[in-house]
There are 2 protein chains.
Amino acid sequence: VENNFIISAVMTIFSKDRVLFDYQSILIYGKDLTDVLPPPHALCVVFPQDKNELVSLVHFANEHRLSLVPSGGRTGYSGGAVAKQNDIIVSFEKMNHIVDFNAADKTLHCEAGVTLKAIQDYAKQLDLFYPVDFASAAECQIGGNIATNAGGLHVIRYGSTRQWVMGLTVITGRGDILGCNKGLVKNATGYDFRHLFIGSEGTLGFITHAILKLTALPKKTKVILFSVSNNQAITILLSVLQQAVSLIAFEFFCHTAMQCVMQAEQIAFPFQKNTDFYGLFEYESDDTVDLIIEKILQDQLNKNNISEILMSHHEKEANHLWRYRKGISRSLKKYFPYKFDLAVLPSTIFSFMRAAADLLRNKYAALETVWFGHVGDGNLHVNVLKPETVSEKDFAVRCAEISETIYAVIQHFNGSICAEHGVGLLKKPYLHYSKSDSEIQYMRGIKNIFDPNHVMNPGKLI
Amino acid sequence: VENNFIISAVMTIFSKDRVLFDYQSILIYGKDLTDVLPPPHALCVVFPQDKNELVSLVHFANEHRLSLVPSGGRTGYSGGAVAKQNDIIVSFEKMNHIVDFNAADKTLHCEAGVTLKAIQDYAKQLDLFYPVDFASAAECQIGGNIATNAGGLHVIRYGSTRQWVMGLTVITGRGDILGCNKGLVKNATGYDFRHLFIGSEGTLGFITHAILKLTALPKKTKVILFSVSNNQAITILLSVLQQAVSLIAFEFFCHTAMQCVMQAEQIAFPFQKNTDFYGLFEYESDDTVDLIIEKILQDQLNKNNISEILMSHHEKEANHLWRYRKGISRSLKKYFPYKFDLAVLPSTIFSFMRAAADLLRNKYAALETVWFGHVGDGNLHVNVLKPETVSEKDFAVRCAEISETIYAVIQHFNGSICAEHGVGLLKKPYLHYSKSDSEIQYMRGIKNIFDPNHVMNPGKLI
């Protein structure tokens, strides 16, 4: 089919001003934060305003065997939203309205293009809480959050995005509109497609609307930043804390991460003495809990498990301490990092880490790696930094090799090659390290049911 | 295929003593608690001891196009575990072992035939809590709980079974063993089959093992039984309580339910005065919360919203108060009830109830109905009692007619025809009141992927 024909046909579905086809727009809307992939290619970018336009587009794409690529906040790290060939990029930027709030049920109905931050703020203004949070909150969109079952900083207490989705409206690859679950708390009427679409990375259909559950704001919280000389100490602290208080977050990061974030954010080293690892936790505070925490920390200091601690006394200080953790990803950007997003059982995270670190040290001693992650969820982000002297292409080849090494260890630990970033394009070649051949076969079968002509985000995930 | 051939072939898969084919055994293992269905028919009952035996059976069933019907604790109310024709009944009674407990991750690995009560007790003995609970806990099995995403009494605080399943091992209708999620907290590697199998009622495959998450025991709890003169008062109380304290359960039931349970359990009427409705709630108690609750209740008494209250002072009293609610289902058994298991948005439960009650009163004034349910989840159990003078057959016809009436209202409310009991055989003709035609088509497509020859619990759900 000729490109001009396609573009004019698309313009009849959308108004003219909602179709862009200049290369600059394709560069913007056709890629996410994944650095190691080739630049995007696409026919055009469209900006639907309602789900019916999208239905028309899906029917048109089926007729002419075109590919549609969803484009949300484009903060992904797996190339799940990258346009590859003569794709039509579907931006949800104009579907960014909060449709309704049900005060009695504490549910919020919104379009897929609303940013996570807008949802968090809307909730807060109602004295409520949407508890999913991560560093890209201001840019990422709820549709993308749901399509990757985004996790983030509060999973230890509040679970991943999945737990907060009470309903979805989706357009399947056949162009059907499905209203999945419609906000019900209980609904045992067979296969729950809501949960199938959560984490499906736009490969079965596109999410146009979501019903989200809000919850009560946590009481006043406090943040503790601490340093430790060995990672065993982190496990011990986590376990002692979990038995005593309600943690909202528990994070760790290595000294290189600390150095990068200090430089990028222009903030000072917060401790007296360098150590190998640092950690941060947040908890719901009251006088009783504060005393318990104080006792635990004093005990851990006495035992030389923890080296130093810093505690927030008000929100501003809390935000400042969080910068040392939240700024890491951003601070690594300039090193062109290859990002691993690994998960194992929380109980095995440090033995996994030891095994992986030994391997990397032995086989790739010249490469600098940055380690951080969500200890309580068993989720480790390992970033391999590109040495200045190595070309991007050579680095990509090297990283493919490292992937096989690391993922073999993940497989040995029965872990996941993608904890919270999704599979996308980047991790697809390695899916078999986490899923069996028959699981992948069943995934293909399901893809064919919802999207028989492979028009929805083709080439991603499977 | 000849029945004798099948039975001898099955005996080569299982040992002889694990195949029963006398009618008495088929009567026991081939039906659940659904009264209004015809008696079960089956070739035999088999008792697998491990998943490999089950794989052999599924392959055999595929070769000869036989039907396999899962048989757990058989406490269902929708005929999801009823044998219909020349089925082979697969009892999980001998797969009743807790395989492993991971103390650091607080996860329990068990076979599908373990009873809910055994899991609850195992957790308690470790000072932990498996929070799903309902009246049939001692008989029902975790495999069945998962296959129907069982809800129960604590959903308002802890969610349904889905929320506690960290991993599943399933045998699909093609005879493949899938290990779904393996206990990970975070895992974004595409379609999460764990969530597809939860609530699938054995139609895609059979669950053989589960990894369950345990949590901390709630602090000391207190139970309050109360009476109200109108159902608006229940909504108000629920809303006031939810803003102030952490509820573990919030239930209501009508006066007829009270009468039935008193008679069946031989317990006295607990109040001075009859009212139309009664309620029960349980909360995590401490001195501060107790004062808040006392104030709320006093206020509601003053406003004449609540008529009378009874409060538990220790566990024995709490258990006694719970009998008025937990005994209801059992007490109705002798009236041959037709059970509706409805859900709407929690915020609309009483407007739905009014609409449904008006309809029933106008069209079926002669029929006695019993109303109870989980208000906080929007889940209403309406039981229509068979009049002694009406035959079982005539009653079934009448109930089919009532179903159409009630489900039309459910559809109008965007509700669910099955909140927590599942669809099974009984509700299958009415599925279209909750699911669109295209959703049902996609469900069929998925069934065909996992079970192309329809050997797994055929005729149920879709």
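Calculation rules
Residues numbered from 1 in each chain as written. Chains lettered and ligands numbered in written order. Predicted model: local features only at pLDDT ≥ 70, side-chain atom pairs only at ≥ 80, totals over all residues. Heavy atoms only, no water. Helix = DSSP H or I, 4+ residues; strand = E, 2+ residues; numbered from the N terminus. Buried < 20%, exposed > 50% of the residue type's maximum accessible area, 1.4 Å probe, protein only. Contact = heavy atoms within 4.5 Å. Areas by Shrake-Rupley, 256 points an atom, 1.4 Å probe, with all protein chains shown as cover. Polar contact = N/O pair within 3.5 Å; in protein donor to acceptor, adjacent residues only side chain to side chain. Phe/Tyr/Trp six-rings, centres within 6.5 Å; stacked < 30°, edge-to-face > 60°. Lys NZ or Arg CZ within 6 Å of the ring centre and 35° of its normal. Expected span 1.5 Å × (residues − 1). Least-squares fit on C-alpha atoms with pLDDT ≥ 70 in both.

Caption draft 1: A look at the overall build of chain A. Looking only at helices and strands, chain A has 15 helices and 18 strands in total. Once the C-alpha set of chain A is aligned to its principal axes, its extents read approximately 70 × 55 × 45 Å. Within the span of chain A, comprising 462 residues, buried residues form 62% of the whole. Put simply, 73% of the contacts in chain A that link residues at least 6 apart link residues at least 24 apart. For chain A, the computed accessible surface area is about 17600 Å², with 50% contributed by carbon and sulfur atoms.

Caption draft 2: Fine view of the side chain of S91(A). Residue and element names in this part refer to chain A. Positionally, S91 belongs in strand 4 (residues 87-91). A distance of 3.1 Å separates the side chain of S91 from the backbone nitrogen of E93, its partner in a polar contact. Not counting the four nearest positions on each side in its chain, S91 is found in contact with Y29, V45, V46, F47, P48 and S71.

Caption draft 3: Inspection of the packing of aromatic side chains at higher detail. Tallying each qualifying case throughout the model produces 50 aromatic pairs over all chains. Ring geometry for F269(A) against Y278(A): centres 6.1 Å apart, planes inclined by 80°, an arrangement best described as edge-to-face. Look at Y278(A) and you get buried, because its relative accessible area is 0%. With centroids separated by 5.5 Å and ring planes inclined at 80°, the aromatic side chains of F352(B) and F413(B) adopt a geometry described as edge-to-face. In this pair, F352(B) sits in helix 13 (residues 349-363) while F413(B) sits in the loop between helix 14 (392-412) and helix 15 (437-450), placing the two residues 61 residues apart along the sequence. F352(B) sits in the buried class, given a relative accessible area of 1%. Counting every residue linked through ring pairs, the aromatic cluster contains Y338(A), F340(A), Y407(A), Y430(A) and Y433(A). Over the face of the ring belonging to W322(A) we find K326(A), whose NZ or CZ atom lies 5.5 Å from the ring centre. Cation over ring: K339(A) sits above Y77(A), and NZ or CZ is 4.4 Å from the ring centre.

Caption draft 4: Looking closely at the environment of D377(A). Assignment of secondary structure puts D377(A) in the loop between strand 17 (369-374) and strand 18 (379-384). The buried category is assigned to D377(A), whose relative accessible area is 2%. In terms of polar contacts, D377(A) uses its side chain to reach the side chain of K186(B), at 3.2 Å.

Caption draft 5: Region of the structure containing helix 14 of chain B. All names here are of chain B. Between the first and last C-alpha of helix 14 there are 30 Å, a value that for 21 residues agrees with the 30 Å anticipated at 1.5 Å per step. Along helix 14, the positions that sit buried rather than exposed are F395, C399, I402, S403, T405, I406, Y407, V409 and I410. Check the buried side of helix 14 and you find it contacts strand 16 (338-343), helix 13 and strand 18 (379-384). Trailing helix 14 by a residue or two, N414 shows a phi angle of about 55°, which is positive.

Caption draft 6: Quick look at the relation of the copies chain B and chain A. When chain B is brought onto chain A, the operation consists of a screw motion whose angular component is 180° and whose axial shift is 0.0 Å, with 0.0 Å RMSD remaining. Both copies of the chain, as the preceding transformation shows, are related through a two-fold rotation axis. Interface overlap between copies: 100% of the residues of chain B at the interface are likewise at the interface in chain A, consistent with a symmetric, same-surface contact.

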